Amino acid sequence: MAEKENFTEKRSTRRNFLKNSGLTLGGLVLGGAVTSLVVKNNEGTTTTEHEAAHGGGTTTNYNHALMFFTPAEYQTAAAAVERIYPEDENGPGAKELGAAVYIDHQLAGQWGNNVKDYRLGAFYKPGENQGPQTKLLRKDLFRAGLEALDAYSKENYDAVFTGLEPEQQDEVLTAFSEGKVTLYGNTGSGEFFSLLRTMTIEGVYADPMYGGNNEMKGWAMRKYPGSRMQYVNEIQSDEFIELKPEGLSSHMS
């Protein structure tokens, strides 16, 4: 009899725990983040709130979250990419297109850690027809470059890079592109600028799933139709058809 009462107490305790910590629906235990969407009206009927929980139905781009940069590094990178690919009458610049977010995500992954590169040396000064010959990983090279941007800006303009006028930022980036600055590890600034420029362009035109090309505006400026599975109907048409860009996520529907 005592064992039965003990078993009943355990079941009751577990039931109370589920009631206090979450909600059970259809055999599933839902935590606080989900249960906040479930409310009871005056009649006692359980309903789910959709638009109130999502700010009136607006969609959040969860790709736009930092994975590598600190907030200060992100602001410096965003300012730099905007000078390389600035906003003009044709459309938005690299900052609005999320190029800095794209760079952040790439540096946080295997590419930023040079996982597929030969890393055992020896390291020599490369010729004009050779690629980078540095011991620094791409993520370390980029971080060293951002630090050098601020240091060079303070030395020559008494302000960090983000505090400079656009023309002054251009002068700093020009000096880096010409290799006039030495980074950590005795690496030339030209290698950093080359990496920065390449990744800026990638961030502007890559598929939005990688964090850049916000709302496919980079493709729209080029009238590029994006990632489509086929063009059979368009090819058979005698009229020119202008297609709106579609990203890889469009194949999910």
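About the cut-offs
Residues numbered from 1 in each chain as written. Predicted model: local features only at pLDDT ≥ 70, side-chain atom pairs only at ≥ 80, totals over all residues. Heavy atoms only, no water. Salt bridge = Lys/Arg side-chain N within 4 Å of Asp/Glu carboxyl O. Helix = DSSP H or I, 4+ residues; strand = E, 2+ residues; numbered from the N terminus. Buried < 20%, exposed > 50% of the residue type's maximum accessible area, 1.4 Å probe, protein only. Phe/Tyr/Trp six-rings, centres within 6.5 Å; stacked < 30°, edge-to-face > 60°. Lys NZ or Arg CZ within 6 Å of the ring centre and 35° of its normal. Axes fitted to C-alpha atoms, helices over the stretch in contact; angles between N-to-C directions. Parallel < 35°, antiparallel > 145°, perpendicular 65-115°, else oblique. Contact = heavy atoms within 4.5 Å. Nonpolar A, V, L, I, M, F, W, Y, C, P; charged D, E, K, R; others polar.

(A) Quick peek at the pattern of salt bridges. Per the counting criterion, the structure on display carries 8 salt bridges. Ionic pairing is found between Asp170 and Arg83, a salt bridge with its closest N-O pair at 2.9 Å. Of this pair, Asp170 sits in helix α7 (residues 166-177) while Arg83 sits in helix α3 (residues 71-84); the two residues are 87 residues apart in sequence, bridging distant segments of the chain. Close ionic contact of Arg228 with Glu246 constitutes a salt bridge, the shortest N to O distance being 3.6 Å. Linking Arg228 in the loop between α9 (217-222) and α10 (232-236) with Glu246 in the segment after α10, this pair joins segments that are 18 residues apart in sequence. Owing to a relative accessible area of 30%, Glu246 belongs among the partly exposed residues under this scheme. In this structure, a network of salt bridges that share partners links the residues Glu96, Glu215 and Lys217.

(B) Highlighting the packing of aromatic side chains. Considering all chains together, one arrives at 7 aromatic pairs under this definition. Their ring planes at 35° and their centres at 5.9 Å tell us that Phe69 and Phe142 sit as a pair that is tilted. In this pair, Phe69 sits in the loop between β4 (46-48) and α3 while Phe142 sits in helix α6 (residues 138-157), placing the two residues 73 residues apart along the sequence. An identical accessibility class is assigned to Phe69 and Phe142; each is buried. With centroids separated by 5.3 Å and ring planes inclined at 80°, the aromatic side chains of Trp219 and Tyr224 adopt a geometry described as edge-to-face. What makes Trp219 buried here is its relative accessible area of 6%. Each residue in the set Phe68, Phe69, Phe142, Tyr152, Phe176 and Phe192 is aromatic and connected to the rest through ring pairs, giving one cluster. We note Arg138 situated over the ring of Trp111; from NZ or CZ to the ring centre the distance is 4.3 Å. We note Arg143 situated over the ring of Phe68; from NZ or CZ to the ring centre the distance is 4.1 Å.

(C) Representation of the environment of Tyr184. Within the secondary structure, Tyr184 sits in the loop between β5 (182-183) and β6 (187-188). Sequence-wise, Tyr184 and Ala148 are 36 residues apart; in three dimensions their C-alpha atoms are separated by 8.4 Å.

(D) Inspection of the packing of α6 against helix α8 (residues 189-205) at higher detail. Interhelical geometry of α6 versus α8 gives an angle of 105° and a closest axis separation of 9 Å. Relative to α8, α6 is oriented roughly perpendicular. When α6 is examined against α8, the residues Arg138, Leu141, Phe142, Gly145, Leu146 and Leu149 are found in contact with a partner set consisting of Glu191, Phe192, Leu195, Leu196 and Met199. Residue classes in the contact of α6 with α8 are distributed as 8 nonpolar, 1 polar and 2 charged.

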